[in-house]
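Examination of the molecular architecture
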Amino acid sequence: SIVVLELSSWQLEDIVNYEWSPQVAAFLNLMPDHMNRYATMAEYGEAKKRIFRFQNTEDIFVANHDDPYVRMAAREAPGAVDFFYTDSFPEDRNEGTFKDEEGFIRASAFGGKKLFGASDISLPGRHNIANVIAATAVLGAIYKHRSAPRVVFSPEKLRQAFATYKP
């Protein structure tokens, strides 16, 4: 089975006692939205980095290349790093997950082909497109992780899921 969890920085503070990280972990951004709990942004960032702290060399860390803190944190990941891009493009268009110049979402985990258009996404707004890019990157990391169940990937099913998703 595949289990997907969203863990807050507060929840991640607790897992440090278990020395556990998921096989695929994602870090979308570091924003000053929880400074009521943390004394500094560095302390907040350290709490969020616990998501990948105990990964092994076979695990995958999915990181937002466009967030400077996350990009720097990726250097500490023990396993592979898969970047996604929300505001830019990778230099090598065969790497990462991103929206191309024509508005299509592409992911290297799925051969770099056009998966679906940003216009297919049911949720409006730039932030929702960024979330879909991140989710596609996570799905790609799960798809290529060696211990994941083998499934047949269909870009059409992915497009349909994002086109019909309701919050």
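Just above, that's the structure.
In what follows, the accompanying structure is described. (Residues numbered from 1 in each chain as written. Predicted model: local features only at pLDDT ≥ 70, side-chain atom pairs only at ≥ 80, totals over all residues. Heavy atoms only, no water.)

1. Concerning the overall build of the chain
- Helices and strands together make up the secondary structure of the chain, namely five helices and six strands.
- For the chain, the succession of helices and strands along the chain, N to C, is α-β-α-β-α-β-β-β-β-α-α.
- By the compact-globule yardstick of 15 Å for 167 residues, the chain fits well, its C-alpha radius of gyration being 16 Å.
- With respect to the three principal axes, the spread of C-alpha positions in the chain is 40 × 35 × 35 Å.
- When contacts within the chain are restricted to residue pairs at least 6 apart in sequence, long-range pairs at least 24 apart make up 52% of them.
- Approximately 9800 Å² of the chain is accessible, and the part contributed by carbon and sulfur atoms is 52%.
- Distance between charge centres in the chain, computed from 19 positive and 22 negative side chains, equals 4 Å. (Helix = DSSP H or I, 4+ residues; strand = E, 2+ residues; numbered from the N terminus. Rg over C-alpha atoms; globule rule 2.2 N^0.38 Å. Contact = heavy atoms within 4.5 Å. Areas by Shrake-Rupley, 256 points an atom, 1.4 Å probe, with all protein chains shown as cover. Lys, Arg positive; Asp, Glu negative; His and termini not counted. Charge placed at Lys NZ, Arg CZ, Asp CG, Glu CD.)

2. A short note on the packing of aromatic side chains
- Scanning the entire structure with this criterion turns up six aromatic pairs.
- Aromatic pair Phe52 and Phe61: ring centres 4.3 Å apart, planes at 45°, arrangement tilted. Assigned by exposure class, Phe52 and Phe61 land together as buried.
- Taking 6.3 Å as the distance between ring centres and 90° as the angle between the ring planes, the aromatic pair formed by Phe89 and Phe98 counts as edge-to-face. (Phe/Tyr/Trp six-rings, centres within 6.5 Å; stacked < 30°, edge-to-face > 60°. Buried < 20%, exposed > 50% of the residue type's maximum accessible area, 1.4 Å probe, protein only.)

3. Focus on the pairing of strand β3 (residues 80-84)
- Alignment of strand β2 (residues 60-64) against β3, held across five bridges, turns out to be parallel. Each bridged residue has a counterpart across the sheet, and for Val62 the counterpart in β3 is Asp82.
- One crossover worth recording links β2 to the parallel β3 by way of helix α3 (residues 68-73), and it is right-handed. (Pairing = 2+ DSSP bridges. Right-handed = clockwise from strand over helix to strand, strands pointing away.)

4. Looking at the pattern of salt bridges
- Taken as a whole and judged by the stated rule, the model has eleven salt bridges.
- A salt bridge links Glu13 to Arg37, with the shortest nitrogen-to-oxygen separation between them at 2.7 Å. Taken together, the residues Glu13 in helix α1 (residues 9-15) and Arg37 in the loop between β1 (24-27) and α2 (41-53) connect sequence positions 24 residues apart.
- On the basis of relative accessibility, which here comes to 21%, the residue Glu13 falls in the partly exposed class.
- Classification of Arg37 by relative accessible area gives partly exposed; the value is 38%.
- Residue Arg53 is joined to Glu76 by a salt bridge in which the shortest nitrogen-to-oxygen separation is 3.2 Å. Of this pair, Arg53 sits in helix α2 while Glu76 sits in the loop between α3 and β3, and the two are 23 residues apart along the sequence.
- Owing to a relative accessible area of 41%, Glu76 belongs among the partly exposed residues under this scheme.
- A single salt-bridge network, built from bridges that share partners, covers Glu46, Lys49, Arg53 and Glu76. (Salt bridge = Lys/Arg side-chain N within 4 Å of Asp/Glu carboxyl O.)

5. Looking at the pairing of β1
- Sheet topology note: the β1/β2 ladder contains four bridges and is parallel. Counterpart to Ala25 in the pairing with β2 is Phe61.
- Read from β1 through α2 to β2, the crossover connection turns out right-handed.

6. Some points on a nonpolar patch on the surface
- Taken together, the side chains of Val3, Leu5, Tyr18 and Trp20 make up a nonpolar region of the molecular surface, amounting to roughly 520 Å² of accessible area.
- In this structure, Val3 sits in the segment before α1.
- Judged by relative accessible area, Val3 falls into the exposed class, the value being 66%. (Patch = residues over 30% accessible without salt bridge, like charges linked within 9 Å, V, L, I, M, F, W, Y side chains within 5 Å.)

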